[in-house]
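# Breakdown of the fold
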Amino acid sequence: MLRRALLIFLVLAAALPAAASAGPLVGIADDRVLLNGGPAADDAVAAWAADGVDVVRIFAQWDEISPSPGARKRPAGAAYDFSRIDAAVDRVRAAGMEPMLTLTGPGPRWGMQDPSRANRRYRPSPARYAEFARAAAEHFAGRVQRYILWNEPNLSFWLQPHSSAPGLYRNLVNAAAPAIRAVQPSAQLFVGALAPRAQPLAFLRALACTDSHYRRIRSGSCAHFKPVSATALAYHPHSVTYSPTRAFPGADDANLASLGRLEAVVDRLRHAGRLRIGSGLWLDEYGYQTNPPDQYLGISPATQDKWLQEADYRAWRDPRVKLMTQYVWTDEPATKRTAYSGWQSGLRYANGRAKPALAHFPVPFFLDASRRLLWGQVRPGGSHPVLVQRRRRGGSWTTVARMRTDSRGYWTRRMSLARGVSYRFVAADGTAHASQARARP
């Protein structure tokens, strides 16, 4: 019966209107899989393309690309080695996806303002970082159009000293942005890539040389203040063990549920001319770690599956979100030395076995009972016919709506949702893909 319904539907689907306006691009980030190359990278990239990924974020780590990164002085005439990043960029582009490079530290020892410290995170030289950024832009011109300037500068793991990080980061961006634009005037540049804890909102105010009451600061590193200028803000709204609707309690922290808090700060600084960036949010990391294997910060695999789909819906509801990125594809393996210090937020376990969330990554679905709304996406994007179905307890699945997705594969359906009834959608692309069934509480 389902096959017959699908055949009839495919004939009628062309006459149906699109279901919703375009939403965020779909991203993925897993440098451990991608940058190691080989068959594993080939398989992963092929899977990402098949599952509808639009953008692949790739780390271009300054010290790993630099000549003699442990030297106190840069070797004369030595060039950066982008070969490892080249291979990743070319793999991604060949599969029809867009690379997005994060130009980040740690840097080479000779790239620091005080090389005698032998600390590759301590006070990076803006001039040296600008040289690196320009070299990257020259090398990848024609292949890369999106660059993120540094990663999580509000964490001391990435930028030190922590107390001076906002001013250091402002100087790094103000040096690197014009260096890239001199080579690629149309490049999209993103600032921030902030971690959701460690007070990212306070970091933004300090970056803009304002205090907690938005009064201008004119002393110290702000004496010759020049606002950063970029396309938009990149951000990591990880919720850790919180659901996509539960906000972090800290007033200066912001996860997915508290993006409004972040947007309010950004808007106030933008309108005051203290940040010269667009209003969009590019979420270049989001994920939930699972238990197993992580017994400390993991949630159950079934909950990960449920919350990732809801997170996609929440991102779609916010018109400012332009990119939603799954971080990571495969769990980082645990060792006796590292335990679970890495990320176990993959859609696959470290041994390659699929988690439940993998099946629904290309077809996320959410039921918003408060709005009487069903939402989903069919990846890869494009206009797809969709059957919306429901099943009463003890009954069989019945089609209640026939529609088409929008140009990015999104669809919505507002309808009365009966208590105790389960809902799903089926994407008709020659084969049937059913989303996870959801029942209204």
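Owing to the predicted nature of the structure, the values given are computational and were not obtained by experimental measurement. (Residues numbered from 1 in each chain as written. Predicted model: local features only at pLDDT ≥ 70, side-chain atom pairs only at ≥ 80, totals over all residues. Heavy atoms only, no water.)

## A short note on the overall build of the chain
When helices and strands are tallied, the chain shows eleven helices and 16 strands. Taken over the C-alpha trace, the chain has a radius of gyration of 23 Å; the compact-globule value for 441 residues is 22 Å, and the two agree within 12%. Looking at the 441 residues of the chain, the share that counts as buried comes to 55%. A separation threshold of at least 6 residues defines the contact pool for the chain, and within that pool the share at least 24 residues apart is 71%. Put simply, the chain shows about 18400 Å² of open surface, and 50% of that area lies on carbon and sulfur atoms. Positive and negative side-chain charges in the chain, numbering 59 and 33 respectively, have mean positions lying 7 Å apart. (Helix = DSSP H or I, 4+ residues; strand = E, 2+ residues; numbered from the N terminus. Rg over C-alpha atoms; globule rule 2.2 N^0.38 Å. Buried < 20%, exposed > 50% of the residue type's maximum accessible area, 1.4 Å probe, protein only. Contact = heavy atoms within 4.5 Å. Areas by Shrake-Rupley, 256 points an atom, 1.4 Å probe, with all protein chains shown as cover. Lys, Arg positive; Asp, Glu negative; His and termini not counted. Charge placed at Lys NZ, Arg CZ, Asp CG, Glu CD.)

## So, the pattern of salt bridges
The tally for this structure, following the rule as stated, stands at 21 salt bridges. For arginine 57, the salt bridge goes to aspartate 31, with nearest N and O atoms at 3.9 Å. Of this pair, arginine 57 sits in strand E2 (residues 55–61) while aspartate 31 sits in helix H2 (residues 31–35), and the two are 26 residues apart along the sequence. According to the relative accessible area criterion, aspartate 31 is buried, its value standing at 15%. The shortest N-O distance in the salt bridge between arginine 74 and glutamate 131 comes to 3.6 Å. Of this pair, arginine 74 sits in the loop between helix H4 (62–65) and helix H5 (83–94) while glutamate 131 sits in helix H6 (residues 126–140), placing them 57 residues apart in sequence. Among the ionic contacts, a cluster of salt bridges with common partners joins Asp31, Arg57, Asp284 and Glu285. (Salt bridge = Lys/Arg side-chain N within 4 Å of Asp/Glu carboxyl O.)

## Quick notes on the sheet that holds strand E1 (residues 25–29)
Around the barrel, which closes on itself, the eight strands sit in the order E1-E2-E3-E4-E5-E6-E7-E8 with parallel pairing between neighbours. Averaged over all adjacent pairs, the angle separating strand axes in this sheet is 30°, with direction ignored. Here E1 pairs with strand E8 (residues 321–327) via five bridges, running parallel. Paired with isoleucine 28 across the two strands is glutamine 326, which belongs to E8. (Pairing = 2+ DSSP bridges. Axes fitted to C-alpha atoms, helices over the stretch in contact; angles between N-to-C directions.)

## Remarks on the pairing of strand E10 (residues 373–377)
Within E10, five of the five residues are buried, which leaves the element mostly enclosed by the surrounding structure. Judged by which residues are buried, E10 turns out to be covered on both faces: Leu373, Trp375 and Gln377 on one side and Leu374 and Gly376 on the other are all buried. Where strand E9 (residues 365–368) lies against E10, four bridges are found, and the strand directions are antiparallel. When the sheet's bridge partners are listed, leucine 367 is paired in E10 with leucine 374. The turn joining E9 and E10, which pair antiparallel and follow one another in sequence, is formed by four residues; a positive phi near 50° is taken by arginine 372. Sheet analysis places E10 next to strand E13 (residues 410–414), joined by five bridges and oriented antiparallel.

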